[in-house]
Amino acid sequence: MVVLENVNKHFGDLHVLKDINLTIHTGEVVVVIGPSGSGKSTLCRTINRLETIDSGTITVDGKQLPEEGKALAALRSDVGMVFQSFNLFAHKSVHDNVTLGPIKVRKIDKDKAAARATELLERVGIASQADKLPAHLSGGQQQRVAIARSLAMDPKVMLFDEPTSALDPEMINEVLDVMTALAKDGMTMVVVTHEMGFARRAADRVVFMADGQIVEENTPDEFFSNPQSARAQDFLSKILEH
């Protein structure tokens, strides 16, 4: 579904992605972990061209990422994105946040979009809040709205860029539970996260990044019980002993 080949990215003198090669299969859940500054979020953001790349190629569902314009907009509607900060439209109700994209971008009939929004808000456990503005919701509820909004576009792949890092601890699980359910339903997902429990539970594959490179990738069981590289061993020893 997503293929990155020899992808490089610089921010000035900083080489943030170094010859990245990664293939994500349809229905696969790939969790990207690693220390801060390792290039995880940048990698995630290149897949829908929120960040441009300097060299290499990225294809989504067999099509190379367009440079800009209508083709890029069309591709972005196939790639859902859930951000660290929820990026909801503050002046629109929860329900309208979910229907806006399908109506404006997908040109879906208003009644159909409304019915789908209700169904998705139920799926993420938030249907009772449909008429509220985002500011009246908790952070966990807002992030679940953001997930429903992405799903409303019927994306081929969903990108999650540290979706729980802005949340209070008690809200994290309500978001991770929704994501785990999505994973079980077969959604193709790329998840950048610090939540190791989610990585163990929901990932088909863990990709460990450090210093702009993919250092190793493996099944969650193998990665957490038997990391191959000294860099991964060091990382895991620091986060798992507390």
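Along each chain, the written sequence defines residue order, and numbers are assigned to residues from 1. This being a predicted model, a pLDDT of at least 70 is required before a residue's local features are given, and a value of 80 or more before pairs of side-chain atoms are given or counted; all residues contribute to the totals for chains, interfaces and linings. Note: side-chain values were computed over all heavy atoms of the structure, leaving out hydrogens and water.

As named in an unreviewed UniProt entry, the protein chain is ABC-type polar-amino-acid transporter, taken from Antrihabitans stalagmiti. UniProt positions are given in the numbering used here, feature names are shortened, and annotations may be inferred rather than shown by experiment. Taken directly from UniProt, the Subcellular location (unreviewed entry) text for the protein chain runs: "Cell membrane". Taken verbatim from the UniProt record of the protein chain, the Sequence similarities (unreviewed entry) comment is "Belongs to the ABC transporter superfamily."

All right, on to the nonpolar core then. Buried together is how nonpolar side chains tend to be arranged in soluble globular proteins. Take the buried residues of types Ala, Val, Leu, Ile, Met, Phe, Trp, Tyr and Cys, join any two whose side-chain atoms come within 4.5 Å, and each joined set is a nonpolar core. Any residue under 20% of the maximum accessible area for its type is buried, any over 50% is exposed, and the rest in between are partly exposed; the area is computed with a 1.4 Å probe on protein chains only. Counting 48 residues, the largest nonpolar core has I33, I147, M158, F160, M179 and M189 as its most contacted members. A helix here means a DSSP run of H or I that spans at least four residues, while a strand means a run of E at least two residues long, and both kinds are numbered starting from the N terminus. Per element, the largest residue contribution to this core is eight residues, and it comes from helix 6 (residues 169–184). Apart from residues lying up to four places away in sequence, I147 is in contact with V82, V124, M158, F160, V175, V178, M179 and L182. Core analysis: the second largest hydrophobic core is formed by 27 residues, V30, L43, V60 and M209 among them. In what follows, residue pairs with any heavy atoms lying within 4.5 Å of each other are defined as contacts.

Moving on, we come to the pairing of strand 10 (residues 213–218). Across five bridges, the pairing between strand 9 (residues 205–210) and strand 10 is antiparallel. Bridge assignment links M209 to a residue of strand 10, and that residue is I214. Strand pairing is assigned whenever DSSP identifies at least 2 bridges connecting the two strands.

Moving on: the UniProt feature "domain: ABC transporter" (unreviewed entry) in the protein chain. Within this numbering scheme, the UniProt entry marks residues 2–236 as carrying the feature "domain: ABC transporter" (unreviewed entry). The span residues 2–236 is 39% helix and 26% strand, and its two end C-alpha atoms sit 27 Å from each other.

Now for helix 6. Spanning 16 residues, helix 6 covers 23 Å between terminal C-alpha atoms, matching the ideal 22 Å at 1.5 Å per step. Here helix 6 has its buried residues at M171, I172, V175, L176, V178, M179, T180, L182 and A183. Check the buried side of helix 6 and you find it contacts strand 3 (29–33), helix 4 (110–123), helix 5 (139–152), strand 7 (157–161), strand 8 (188–192) and helix 7 (196–202). Just downstream of helix 6, G186 is the residue with a positive phi angle, here 95 degrees. Helix span is expected to be 1.5 Å times the residue number reduced by one.

Moving on to the environment of E5. Along the polypeptide, E5 turns up in strand 1 (residues 2–11). E5 sits in the partly exposed class, given a relative accessible area of 43%. C-alpha separation for the pair E5 and I58, spaced 53 residues apart in sequence, amounts to 6.4 Å. If we ignore the near neighbours within four places in the chain, the residues touching E5 are I20, N21, G56 and T57.

Another point: the packing of aromatic side chains. A pair of Phe, Tyr and Trp rings is counted when the ring centres sit within 6.5 Å of each other, with Trp represented by its six-membered ring. The angle between the planes then sorts it: under 30 degrees is stacked, over 60 is edge-to-face, the rest tilted. Under the definition given, this model contains three aromatic pairs. Between the aromatic rings of F208 and F223, the centroid separation amounts to 5.9 Å while the plane-to-plane angle is 35 degrees, which identifies the pairing as tilted. Here the residue F208 occupies a position in strand 9, and F223 occupies one in helix 8 (residues 220–225), the gap between them amounting to 15 residues. F223 matches F208 in its accessibility class, with the two residues each being buried.

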